[in-house]
Amino acid sequence: MEDFNLHYRFLNWRRRIREIREVRAVRHQESYHGNSDEVGCYVAPRPLTKENNYFEVCIMDTGVRGTIAVGLVPQYYKLDHQPGWLPHSVAYHADDGKLFNGNGVGQQFGPKCFAGDRIGCGVQTEFFDRGMATVFFTRNGKEVGSVVMAMSPDGLFPAVGMHSLGEEVRIDLQAEWGLDEDDSAMMVDSHEDEWGRLHDVKVCGTLLEYIGKGKSIMDVGLAQARHSLSTRSHYFEVEIVDPGEKCYIALGLARKDYPKNRHPGWSRGSVAYHAADSDECLDAAEVNYKQRRVRNIMYFNDEDEEDEGEDMEQEYDGKKVTVFFTRNGKIIGRKEAPVPSGGFYPTIGMLSNGEKVQVDLHPLSG
């Protein structure tokens, strides 16, 4: 899947956006600096085709105003205009739910969109060779509506516009649409279905975002996978996308009935690796998320702190495993731990505003 992040910050926006048009990467992130009087527009390097007729944008942050537009434009579209404002372009605007079709006056089209929503845009394949295109839009996997427009000679290119500071989206240029209803539902919800428990954590694809209060240690947000680790799936990875205010992020393993407002590693039947609230975490976040220098602490707790009268032999299967943690592909620690009854479940904890992590529960390596 080809997806990447775009931020609204204007550092020589027009020059940098043209550089992006030549970039191909699995996960690509760019930042820009400037003022909110200017529009920034991303145009994909390739148009939609019969084989690849749909793309999706996940809103990660609405910024100051949420003026995010998703649509289709000609190849050499003016990059200081929102998609849909100029002729031969069309776009669904998140801030007001309006459709802009070749001019600056929008028509009410669908609901407003917010952080966590997915906006999709595609062209019905049967119209590719007829000079006209039926362009349709979706929101969170459900079709919102469609519009007929003339097909540009050079094709219709996926585009995203942003117009206020702090806006951020993740783009999937190889999203799929048009499957059977059951298959489509499975694909739309595939990542959400991987999580059995979510508390004060929002899911957007493979992205987890903390949405709790973040004011005390009782405000932990928890995400626990639906399935436990096994010999066939024994490893998972987390990338810190945004450390938030304090970088109170923990990843580890926990029993299935683990308390929802406790970091993994704090309570019995869990072991975890914590990214501490150090200055290094925050400073390095602006340089390279995957290579940031983070002071980490390993937490392990198998004490019966909640129910002192319980028979511990019933709580555990009698087996012990060696849990290991990696950082940027290198093992940084191991801990022997008894396996809770029912197994160990991948568990993520977060505790400060703005924290976002990308989780791969099934990495290719491991």
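What you see is a predicted model; the values in this text were computed from it and never measured.

Asks: Explain unusual backbone geometry here, please?
Replies: Peptide bonds are mostly trans, and most non-glycine residues show a negative phi. Positive phi, normally seen in glycine, also occurs at His 88, with a value near 65 degrees. Looking at the element boundaries, His 88 is found in the loop between strand E5 (68-73) and strand E6 (90-93). In this model, Asn 328 sits at a positive phi of 55 degrees, which is unusual for a non-glycine residue. On the secondary structure map, Asn 328 appears in the loop between strand E22 (316-327) and strand E23 (330-340). According to the relative accessible area criterion, Asn 328 is partly exposed, its value standing at 43%.

Asks: For this particular structure, what's the right way to read the pattern of salt bridges?
Replies: Working definition: two side chains of opposite charge can pair if their charged atoms are close together. For the structure on display, the rule yields 5 salt bridges. Of the charged contacts in the structure, one is a salt bridge between Glu 56 and Arg 118, with a shortest N-O distance of 3.8 Å. With Glu 56 in strand E4 (residues 54-62) and Arg 118 in strand E9 (residues 118-123), the pair connects residues that are 62 residues apart, well separated along the chain. The pair formed by Glu 56 and Arg 118 is uniform in burial state, with each residue classed as buried. Salt-bridge contacts for Asp 117 lead to Arg 139; the nearest nitrogen and oxygen are separated by 3.3 Å. With Asp 117 in the loop between strand E8 (107-108) and E9 and Arg 139 in strand E10 (residues 132-139), the pair connects residues that are 22 residues apart, well separated along the chain.

Asks: I tried to follow the state of the cysteines on my own but got confused; where do I start?
Replies: Simply put, disulfide is the name for a covalent bond between the sulfur atoms of two cysteines. Using the criterion set out here, one finds 1 disulfide in the structure. A sulfur-sulfur separation of 1.5 Å characterises the disulfide bridge that pairs Cys 58 with Cys 204. Disulfide Cys 58-Cys 204: torsion about the S-S bond near 135 degrees, hence right-handed. Note that Cys 58 is positioned in strand E4 and Cys 204 in strand E15 (residues 201-204), a separation of 146 residues in sequence. Taking the relative accessible area as the measure of exposure, Cys 204 reaches 8% and is therefore buried.

Asks: Help me understand the environment of Pro 153, please; the structure alone is not making it clear to me.
Replies: Tracing the sequence through the fold places Pro 153 in the loop between strand E11 (142-150) and strand E12 (157-162). A C-alpha to C-alpha distance of 8.4 Å links Pro 153 and Pro 74, two positions 79 residues apart in sequence.

Asks: Sorry if this is basic, but what is going on with the pairing of strand E17 (residues 221-225) here?
Replies: Taken residue by residue, a regular strand's side chains alternate between the two faces of the sheet. Of all the 5 residues making up E17, 5 are buried; the element is thus mostly covered by neighbouring parts of the structure. Burial along E17 is two-sided: Gly 221, Ala 223 and Ala 225 and Leu 222 and Gln 224, pointing in opposite directions, are all buried. By the bridge criterion, 4 bridges tie strand E14 (residues 195-199) to E17 in an arrangement that is antiparallel. Each bridged residue has a counterpart across the sheet, and for His 199 the counterpart in E17 is Leu 222. Bridging between E17 and strand E24 (residues 345-350) involves 4 bridges; their strand directions are antiparallel. Residue Ala 223 lies in a different strand from E24, and its bridge partner there is Ile 348.

Asks: Mind showing me how you'd approach the sheet that holds E15 here?
Replies: Each strand in a sheet pairs with its neighbour through backbone hydrogen bonds, running either in the same direction (parallel) or in the opposite one (antiparallel). What the 4 strands build is an open sheet, ordered E15-E16-E25-E18; its pairing is antiparallel. Single-partner strands in this sheet number two, and they are E15 and strand E18 (237-243). Strand-to-strand twist in this sheet, taken as the mean axis angle between neighbours without regard to direction, amounts to 25 degrees. Strand direction decides the pairing type here: E18 and strand E25 (residues 355-360), joined by 6 bridges, are antiparallel. Counterpart to Glu 237 in the pairing with E25 is Asp 360.

Asks: Any chance you could explain the side chain of Lys 356 here in plain terms?
Replies: Note on placement: Lys 356 falls in strand E25. The class for Lys 356 is buried, based on a relative accessible area of 3%. Looking at Lys 356, its side chain comes within polar contact range of the main-chain oxygen of Met 60, at 3.2 Å.

Asks: What's the story with the packing of aromatic side chains in this structure? I'm lost.
Replies: Aromatic rings considered in pairs are described by the distance between their centres and by the relative angle of their planes. Applying the stated criterion across every chain yields a total of 6 aromatic pairs. Between Tyr 273 and Phe 325, the ring centres sit 5.5 Å apart and the planes meet at 40 degrees, which makes this aromatic pair tilted. In this pair, Tyr 273 sits in strand E20 (residues 270-275) while Phe 325 sits in strand E22, placing the two residues 52 residues apart along the sequence. Comparing Tyr 273 with Phe 325, the two get one shared label, buried. Each residue in the set Tyr 92, Phe 109 and Phe 137 is aromatic and connected to the rest through ring pairs, giving one cluster.

Asks: Would you take a moment to explain the confidence of the model for the protein chain for this structure?
Replies: Atomic detail in the predicted coordinates should be set aside for any region of low pLDDT. Looking at the protein chain, the pLDDT average stands at 77 and 72% of residues meet or exceed 70. Per-element confidence in the protein chain ranges from a low mean pLDDT of 32 for helix H3 (residues 279-284) to a high of 96 for E6. Below pLDDT 50 for its whole length, residues 9-34 participates in 67 contacts with residues either more than four positions away or in separate chains. Segment residues 304-316 is flagged for pLDDT under 50; beyond a separation of four residues in sequence, or across chains, it makes 28 contacts in the model.

Thresholds, definitions, all that
For every chain, the first residue of the written sequence is number 1, and numbering continues from 1 along that sequence. Only residues with pLDDT of 70 or above have their local features reported here, since the model is predicted, and side-chain atom pairs are shown and tallied only from 80 upward, although totals for entire chains, interfaces and linings are computed over all residues. Only hydrogens and water are set aside; all other atoms, that is, all heavy atoms of the structure, feed into the side-chain values. Only runs of H or I of at least four residues qualify as helices and only runs of E of at least two qualify as strands under DSSP, and these elements are numbered from the N terminus. Whether a residue is buried, partly exposed or exposed follows from its accessible area with a 1.4 Å probe, protein chains only, as a fraction of its type maximum: under 20%, in between, or over 50%, in that order. Salt bridges are defined as contacts in which a side-chain nitrogen from Lys or Arg sits within 4 Å of a carboxyl oxygen from Asp or Glu. Pairs of cysteine sulfur atoms within 2.5 Å are what we label disulfides. Strands pair, by our definition, only if DSSP identifies at least two bridges between them. The convention used is that axes are lines fitted to C-alpha atoms, helices contributing only their stretch in contact, and that angles between N-to-C directions extend from 0 to 180 degrees. The term polar contact refers here to a pair of N or O atoms within 3.5 Å; inside protein, the definition further demands a hydrogen-donor-capable atom paired with an acceptor-capable atom, and it admits residues adjacent in sequence only when both atoms are side-chain atoms. Here is the rule: rings of Phe, Tyr and Trp (six-membered ring for Trp) pair when centre to centre is within 6.5 Å. Planes less than 30 degrees apart are stacked, more than 60 are edge-to-face, and the remainder are tilted. Confidence scores here are pLDDT values: one per residue, from the predictor, ranging 0 to 100. Note on contacts: a residue pair qualifies if any of its non-hydrogen atoms lie within 4.5 Å across the two residues.

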